[in-house]
Every structure is written in structure tokens, then in C-alpha cells.
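Here are the chains, one letter per residue:
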Amino acid sequence: MSRQFIPVVLCVDVEPDKPFNHRSSPMPWEGYQRGVEWATEFRTELQCLSAAPVHLSWFYRMDPQVETLHGDPGWAISNYRDSFEALQRAGDEAGLHVHPFRWSDTADSWIQDYGNQDWVEHSVRMAFDSFRQETGRDCVSFRFGDRWMNNRTFRLLESLGVRHDMTLEPGSRKMPSYHGNKPYTGFIPDQRKVPQHIYRPAKNDYRRSDASRTNAPFVMPVSTAPIHLASKKVYRKPAACAWPFHRLFNRQRVSHWTHTLNIAAEPAVFRSVLGHQLQTLRSNYLVMPSRAHIFTSTEFVDNACTNLRSLFADYGDRSFVFTTPAGALACLGED
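All of these numbers come straight from a predicted model, not from anything done at the bench.

## Quick notes on the overall build of the chain
For step 1, the next point in the chain: Assigned secondary structure in the chain consists of nine helices and 15 strands.
For step 2, the next point in the chain: In summary, the chain has a C-alpha radius of gyration of 19 Å against a globular reference of 20 Å for 335 residues, a match within 12%.
For step 3, the next point in the chain: Principal-axis analysis of the C-alpha atoms gives the chain an extent of 60 × 45 × 40 Å.
For step 4, the next point in the chain: For the chain, with 335 residues in total, the buried portion stands at 58%.

This is the structure in C-alpha cells:
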């Protein structure tokens, strides 16, 4: 039997370690710094396991929250220029990750302002302008924060030249917020009807495929699987649990959640999602999301290493190749 070739896009969202850090106390992005070190060390092992070059994808926050905290929306690249250039030399992808956080003096807190379309678009445009200024090129790969999206924003992304969007999480339900104890507007949209495969979206519905739109961006949904009550035993809250994992530990609501193929998840969870993708859906690609903050936790780093090794230990009949979004599309003949 011939081996199945599966491209893997490993996404790291590069952002503050604490999303609600007070504006008066900006902190270094330790997770990103440690993540670059981890990638440098672990890349060699992954290359040996996959017998192919390994390219990761880093999605940088360059929006108003970063500008407020550090005085420059492009701070993540300008302040860590050596790290950024090292990743570029390694052939990694650099894209954008946007959260529409807005500081409120009245609330003395960040507001997740998804319900303010003007602010959403301001945040997106600032990020794209900053990316162009820092890199000298346009951004083509994108991930919105908290899997949020709407049709107007997707059309804006398309007009700005995005070619690959990796925001959506098929199977996820509508919900008020991932941070319900913090101020927010709007809601996180329902994505239960999002296809579990790469597609070009309909002009007026980003959640529906329209193959006739041959010039539209590719939507590359995150790899996900439903969580059932029978599986709740695989969850164990870490000693220092951080978002987004906290939402998975409410036993009364476990059956309502879809879990992503996050590299920092507990290995039992990761294997469950991976098995769903490869055995049930017979996926021909994988998108693995993560946040840079995981690299500040020894437990999460250990999970990441164990999970990535398990690809090759558990599925020896597949050839997993870590590549960029464009590389994945080329491998699949979708470009």
C-alpha cells in the first residue's frame, strides 16, 4: 500500500503572553522568545521524522492593543528582529493574527470589541499596514482571534490580498465570548456548518463553499473534532492552566464543545482529535493552532513534543510534511 502524503500547517499566534495585561504594565513576549528557541531545537528532530524540510507558520499581532502596550503595532517584529529574520531564513511563513481589543479607561480594562465593525476594520487595516511597513511585502496568510469572523470582515481581508485564512473551527457553536469575565461586545459566531476541507468561500457567506470563485482566498479550516461526555476523563486541568484550555474543564458543558488539534493539548486529547481527522474524515491536510504563550509552560512544551512525535509513531503509513499554507495548497494541487 502506498503511503498517504499529508501536509501539516502548524500555526503559532505571536501575541502577549497575557491577553488582558494592563496597559500600564507591558511585558516582554516571553512565549514568543521561547517558542523561537523551541522551533530551532525541535525542527531538526521533525525533519528527521518526516524526512523533509520543516516550515512553520507564525501569525503576528500588530493591532491597536500592541500599539497601546508598546507604542508601535509592529513591535513584535521590530523588537524581535533577529528572531523574525531567523525564522524567515528557515523558510517559515509570517502572517497576521488580529484581536479587536480596545482599551477602556472607564472599565480600566480591555474590551473585546467584536460588535464594533468600525473598530474591527480599523484593527485589521492597522495590522496590514504595519506588516507591510515591517516586512516590505503584503500579508497573504491570516488568522483572526477567537475564531471570530463575519462576511464584511472577510470581504475586507479579500480586498487586502489575503490568500489563506486559517481562522475557522468547524463544529464550533455560537457563544458570547471566550473571556466572559471581561468586557466584550458582539459574539463568537456559529461555525457548525463550516466545511471540514479547504474551500473558496461564497461571496456573501464565508462559511459556504463556492468553487466558481476561482480568485477568492482559500479558507483552510482548523482541524477539529467533537468532544463527547464519554471522553471527559481525558481532561486534566494543569497546575497553571491558561486560556484557551479553561473552557474545556466544565464537565457539564463538555459535550457542547469542539476541540482543535492544538499541539499543547494533553496527548490523549490530541490523539482523539487526530484520529477523528485521519480515520473518520480521512483528511488530506492538517491545520494545528497554538498560542506562543504555551512555550512558557514546561507541561505544554512536553505535550507539544509528545503530540508531534505521535504523528509518526501512530500513523506510520502516512507521510506528514510540515509546510506553509501555500506549500500545503501546492502539495494538494489546489494552487
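## Things to note about the pairing of strand β1 (residues 4-14)
For step 1, the next point in the chain: Taken across its 11 residues, β1 has nine buried, putting it largely inside the fold.
For step 2, the next point in the chain: In the sheet, β1 pairs with strand β14 (residues 286-291) via six bridges, with the strands oriented parallel. The residue bridging leucine 10 from the neighbouring strand is methionine 288, located in β14.
For step 3, the next point in the chain: With four bridges joining them, β1 and strand β2 (residues 57-60) adopt parallel strand pairing. Across the sheet, the residue bridging to cysteine 11 is serine 57, located in β2.

## Description of the packing of aromatic side chains
For step 1, the next point in the chain: Enumeration over the complete set of coordinates arrives at 17 aromatic pairs.
For step 2, the next point in the chain: When the centroid spacing of 5.6 Å and the interplanar angle of 80° are considered together, the rings of tyrosine 32 and tyrosine 80 count as edge-to-face. Residue tyrosine 32 is found in helix α1 (residues 30-50), and its partner tyrosine 80 is found in the loop between α3 (75-78) and α4 (81-89); the two are separated by 48 residues along the sequence.
For step 3, the next point in the chain: Connected via pairs of aromatic rings, a cluster forms that spans Trp29, Tyr32, Trp58, Tyr60, Trp75, Tyr80 and Phe84.
For step 4, the next point in the chain: The residue whose ring lies beneath lysine 174 is phenylalanine 187, and the NZ or CZ to ring-centre distance is 4.2 Å.
For step 5, the next point in the chain: Cation over ring: arginine 200 sits above phenylalanine 218, and NZ or CZ is 3.9 Å from the ring centre.

## Notes on helix α7 (residues 267-280)
For step 1, the next point in the chain: With 14 residues, α7 should cover 20 Å at 1.5 Å per step; its first-to-last C-alpha distance of 19 Å lies within 8% of that length.
For step 2, the next point in the chain: Tucked into the core, α7 has its buried residues touching β1, β12 (224-226), β13 (258-260), β14, α8 (298-314) and β15 (318-322).
For step 3, the next point in the chain: The first or second residue beyond α7 is arginine 282, which carries a positive phi of 55°.

## A look at the side chain of glutamine 65
For step 1, the next point in the chain: Residue placement: glutamine 65 occurs in helix α2 (residues 64-70).
For step 2, the next point in the chain: Within the local environment of glutamine 65, its side chain forms a polar contact with the side chain of arginine 61, the two groups lying 2.5 Å apart.
For step 3, the next point in the chain: Excluding residues within four positions of it along the chain, glutamine 65 makes contact with Pro16, Pro19, Phe101 and Trp110.

## Observations regarding the sheet that holds strand β8 (residues 184-185)
For step 1, the next point in the chain: Taken in spatial order, the three strands make up an open sheet running β4-β5-β8, and their pairing is mixed. The sheet is open, and its two edges are formed by β4 (101-104) and β8, each paired on a single side.

## Observations regarding the pattern of salt bridges
For step 1, the next point in the chain: Following the criterion strictly, the structure yields 18 salt bridges and no others.
For step 2, the next point in the chain: In this structure, arginine 291 and glutamate 15 form a salt bridge, with 2.7 Å as the shortest nitrogen-oxygen distance. Within this pair, whereas arginine 291 is found in strand β14, its partner glutamate 15 is found in the loop between β1 and α1, the two being separated by 276 residues in sequence. We note that arginine 291, like glutamate 15, is buried.
For step 3, the next point in the chain: The partner of glutamate 121 in a salt bridge is arginine 152, with the nearest N and O atoms 2.5 Å apart. With a gap of 31 residues between them, glutamate 121 in helix α5 (residues 117-135) and arginine 152 in helix α6 (residues 151-159) connect regions that are remote in the sequence.
For step 4, the next point in the chain: Using a relative accessible area of 41% as the deciding quantity, one classes arginine 152 as partly exposed.
For step 5, the next point in the chain: Salt bridges sharing common partners tie together Glu15, Arg61, Asp63 and Arg291.

## Things to note about the nonpolar core
For step 1, the next point in the chain: Judged by nonpolar contacts, the single largest core of 75 residues is most densely connected at Tyr32, Trp38, Trp58, Tyr60, Leu286, Met288 and Leu308.
For step 2, the next point in the chain: With seven residues, the top contributor of residues to this core is α8.
For step 3, the next point in the chain: Residue contacts for tyrosine 60: discarding those within four places in its chain leaves Val14, Tyr32, Ala76, Ile77, Phe84, Leu87, Ala94, Gly95, Leu96 and His97.
For step 4, the next point in the chain: Core analysis: the next-biggest nonpolar cluster, separate from the first, contains 12 residues, Phe59, Met166, Val287 and Ala328 among them.

Scoring rules and cut-offs
- Residues numbered from 1 in each chain as written.
- Predicted model: local features only at pLDDT ≥ 70, side-chain atom pairs only at ≥ 80, totals over all residues.
- Heavy atoms only, no water.
- Helix = DSSP H or I, 4+ residues; strand = E, 2+ residues; numbered from the N terminus.
- Rg over C-alpha atoms; globule rule 2.2 N^0.38 Å.
- Buried < 20%, exposed > 50% of the residue type's maximum accessible area, 1.4 Å probe, protein only.
- Pairing = 2+ DSSP bridges.
- Phe/Tyr/Trp six-rings, centres within 6.5 Å; stacked < 30°, edge-to-face > 60°.
- Lys NZ or Arg CZ within 6 Å of the ring centre and 35° of its normal.
- Expected span 1.5 Å × (residues − 1).
- Contact = heavy atoms within 4.5 Å.
- Polar contact = N/O pair within 3.5 Å; in protein donor to acceptor, adjacent residues only side chain to side chain.
- Salt bridge = Lys/Arg side-chain N within 4 Å of Asp/Glu carboxyl O.
- Core = buried A, V, L, I, M, F, W, Y, C linked by side-chain atoms within 4.5 Å.

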